[in-house]
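The residues making up each chain are set out below.
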Amino acid sequence: MFEVQIENHIAQVTFNRPEKANAIHQEGWKELKQVFEELSEDSKVRVVILRSTGKHFCAGIDLSLLMSFQQLNNIDCDGRKREGFLKMVRHLQACVNAIENCRKPVIAAIQGGCIGGGVDIAAACDMRYASEDAYFTIREIDMGMVADLGTLQRLPKLIPYGVTAELAYTGRKMYAMEAEKVGLLNRSFISRAEMQNEVEKIAVTIASKSPLSIRGTKEVLRYARDHSVNEGLQQIQLWNSAMFLSKDLMEAFQSGMEKRASEFED
């Protein structure tokens, strides 16, 4: 389902099921979680690019997985049936959470359709870039469902509440230009090649920075998003009290004085 390549501290994670519009089956969700948990702890990796092959970025949950939920009807006890459903949803949420919880910045490079569960995945990334043909749609409403893997929780923190509500209630497509305008995308590009080239440049820049500082910045940003300003300030007090006096700090100063590129330990 996924291809992973690591070079020059950059991990390229690629959806590779183009014949199914990169819809994710049961094993694919497990693989997604495993990939990002491993990259989070891999000291060689400083930044991750999540991209796709084929026409679409990701069509969300594969229908075969949705149909497998029907097996719960074989359980006699209503309580145990609902417990089983809860367990399955928690597992899928954990797979998406693994992207957000990855200690390294994750950049989404989006082309074509970003549909249903694909929106959940994109919203869990740190940054999003797209080609002009990209579109986002919260398709669950057209399936008689309520999106449950993070879209309705994360999108209102990325774009205006009213825009999220409209997308969630109507299931309409929001194309790249509009997505950039409302703040879902950092930037959109005319072509996929131009997008990929720019994303690579951004990843190279991030990979050149202090890995300790990048990991800390992601941690502090995530905390600040979900807490008050005062709580965030208290957290950064503790973080920098623990991490400020590092070899990375000294190397940054030294390389600046010597007018050379910094060389940081993994």
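A few points on the structure. Source: prediction; values computed, not measured.

Let's talk about the pairing of strand β6 (residues 127–131)
Most of β6 is tucked away: 5 of the 5 residues are buried. Burial along β6 is two-sided: the residues M127, Y129 and S131 and R128 and A130 are all buried. Sheet topology places strand β4 (residues 106–110) next to β6; 4 bridges connect them, and they run parallel. Looking at the pairing, I110 lines up with A130 of β6. Sheet topology note: the β6/strand β9 (residues 187–189) ladder contains 3 bridges and is parallel. Looking at the pairing, Y129 lines up with R187 of β9.

Structural notes on unusual backbone geometry
Positive phi values are uncommon outside glycine, yet N8 reaches one of about 55°. Looking at the element boundaries, N8 is found in the loop between β1 (2–7) and β2 (10–15). A relative accessible area of 60% means that N8 is categorised as exposed. If you check the backbone angles, N22 has positive phi at about 60° while not being a glycine. Summarising the element assignment, N22 is placed in the loop between β2 and α1 (26–41). Given the relative accessible area of 0%, N22 is considered buried.

Let's talk about the pairing of β1
Both β1 and β2 contribute to a ladder of 6 bridges, which runs antiparallel. Bridge pairing in β2 places F2 opposite F15. In this antiparallel pair of consecutive strands, β1 and β2, the connection spans 2 residues, and N8 shows a positive phi of 55°.

Describing the packing of helix α9 (residues 211–225) against helix α10 (residues 229–243)
At a minimum axis distance of 10 Å, the contact between α9 and α10 shows a crossing angle of 160°. It follows that α9 is roughly antiparallel to α10 by the angle criterion. The crossing of α9 and α10 is right-handed. Contact with α9, carried on its side by L212, R215, G216, E219, V220 and Y223, involves E231, G232, Q235, I236, W239 and M243 of α10 and no other residues of that element. Classifying every residue of the contact of α9 with α10 by side-chain character gives 6 nonpolar, 3 polar and 3 charged.

Conventions adopted
- Residues numbered from 1 in each chain as written.
- Predicted model: local features only at pLDDT ≥ 70, side-chain atom pairs only at ≥ 80, totals over all residues.
- Heavy atoms only, no water.
- Buried < 20%, exposed > 50% of the residue type's maximum accessible area, 1.4 Å probe, protein only.
- Helix = DSSP H or I, 4+ residues; strand = E, 2+ residues; numbered from the N terminus.
- Pairing = 2+ DSSP bridges.
- Axes fitted to C-alpha atoms, helices over the stretch in contact; angles between N-to-C directions.
- Parallel < 35°, antiparallel > 145°, perpendicular 65-115°, else oblique.
- Left-handed = near helix turned anticlockwise from the far one by under 90°.
- Contact = heavy atoms within 4.5 Å.
- Nonpolar A, V, L, I, M, F, W, Y, C, P; charged D, E, K, R; others polar.

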